[in-house]
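Observations on the three-dimensional arrangement
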Amino acid sequence: MYHRLKELPREERPRERLIRYGPGALSNAELLAIILRTGEASTGRSALDLARHVLSLGKARGDDGEGLCFLATAAVEELSQVKGIGPAKAVQLKAAVELGRRVARVARVRRAVNTPSQARDLLMEEMRYLEQEQFRTVLLDAKNGVISIELVSVGTLDSSPVHPREVFKMAVRKSAAALILAHNHPSGDPTPSDDDVRITRRLAETGRILGIEVLDHLVIGDNRYVSFRERGIAF
């Protein structure tokens, strides 16, 4: 067993393999091992062994993302309890996950959103794992290009209070022509509630007064979503 990646044969070291072949050639465990850098001395685990162990914890919980979803949803405290991780490595892992999210978000900005499925692709991966309900808006220009994605409010486990003033504040400031409403259901079930429908109609009316069209409202669940437009829910 190895305690450090540098003790592996050179051709098997994840860092050297990434340099030679590119990150796409590496497995999830190899990429994770590069972030971890060292293993766990008391058990004899190398960084690669530790990475495989961490991913296996996610799979054991029914993680359908090959163990990666566990890294996205686990708190620093939970990761710190894994033998060989500790607070420092847990923070590194959470920082890496958040950087990945932000890179993906920047890459999506200014793309056109013309269908509910495109809006879903824009929001799903970032919102499906949230443990509290969040209300967001996707601000669009006259050609449905994404100007920005704004966080409007963060609520409790099952509700996120919204006010028209907060929803449209950034839309007015950034001269948005239209917007898409979105919020998540931490339960994983995206079925809209009666309150969801009532709030959407109220916000759509405010948008008509301001000249900013509300194109849709997406409710995000765990890899599932409901589009008001697709469902034919009038607002």
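See the structure above.
Keep in mind it's a predicted model, so treat the numbers as computed, not measured. (Residues numbered from 1 in each chain as written. Predicted model: local features only at pLDDT ≥ 70, side-chain atom pairs only at ≥ 80, totals over all residues. Heavy atoms only, no water.)

To continue, consider the overall build of the protein chain. In terms of helices and strands, the protein chain carries 10 helices and 5 strands. Each of the three principal axes of the protein chain carries a C-alpha extent, and together these read 65 × 35 × 30 Å. When the 235 residues of the protein chain are sorted by exposure, 46% land in the buried category. Accessible surface, the protein chain: about 12500 Å² in total, of which carbon and sulfur atoms supply 51%. Looking at charge distribution, the protein chain has the averaged site of its 36 positive side-chain charges lying 5 Å from that of its 31 negative ones. (Helix = DSSP H or I, 4+ residues; strand = E, 2+ residues; numbered from the N terminus. Buried < 20%, exposed > 50% of the residue type's maximum accessible area, 1.4 Å probe, protein only. Areas by Shrake-Rupley, 256 points an atom, 1.4 Å probe, with all protein chains shown as cover. Lys, Arg positive; Asp, Glu negative; His and termini not counted. Charge placed at Lys NZ, Arg CZ, Asp CG, Glu CD.)

Along the chain, alanine 112 turns up in the loop between α6 (86–108) and α7 (116–127). Given a relative accessible area of 35%, alanine 112 falls into the partly exposed group. For the pair formed by alanine 112 and glycine 58, sequence separation is 54 residues and the distance between their alpha carbons is 34 Å. Residues within four places of alanine 112 in sequence aside, it is in contact with Gln118, Lys143, Asn144 and Gly145. (Contact = heavy atoms within 4.5 Å.)

Per the stated rule, a full pass over the model turns up 14 salt bridges. Note that glutamate 30 and arginine 17 form a salt bridge whose closest N and O atoms lie 2.8 Å from each other. On the criterion of sequence distance, the pair formed by glutamate 30 in helix α2 (residues 28–36) and arginine 17 in helix α1 (residues 14–21) is long-range, its members being 13 residues apart. The closest approach of N and O atoms between lysine 169 and glutamate 166, which form a salt bridge, is 3.3 Å. Of the two residues, lysine 169 and glutamate 166 both sit in helix α8 (residues 164–173), 3 residues apart, roughly one turn of that helix. Through salt bridges that share partners, Arg13, Arg15 and Glu16 make up one connected network. (Salt bridge = Lys/Arg side-chain N within 4 Å of Asp/Glu carboxyl O.)

Core analysis: the biggest nonpolar cluster contains 21 residues, and Phe135, Leu139, Val167, Phe168, Leu179, Leu181 and Val214 have the highest contact counts within it. Secondary-structure elements contributing two or more residues to this core are β1 (134–140), β2 (146–154), α8, β3 (178–184), α9 (194–210) and β4 (213–220). Apart from the residues within four sequence positions on either side, phenylalanine 168 is in contact with Leu179, Leu203, Thr206, Gly207, Leu210, Ile212 and Val214. Grouped together as the second largest cluster of nonpolar side chains are 18 residues, Leu32, Leu36, Val54 and Phe70 included. (Core = buried A, V, L, I, M, F, W, Y, C linked by side-chain atoms within 4.5 Å.)

Scope: geometric values only; no functional claims are made or implied.
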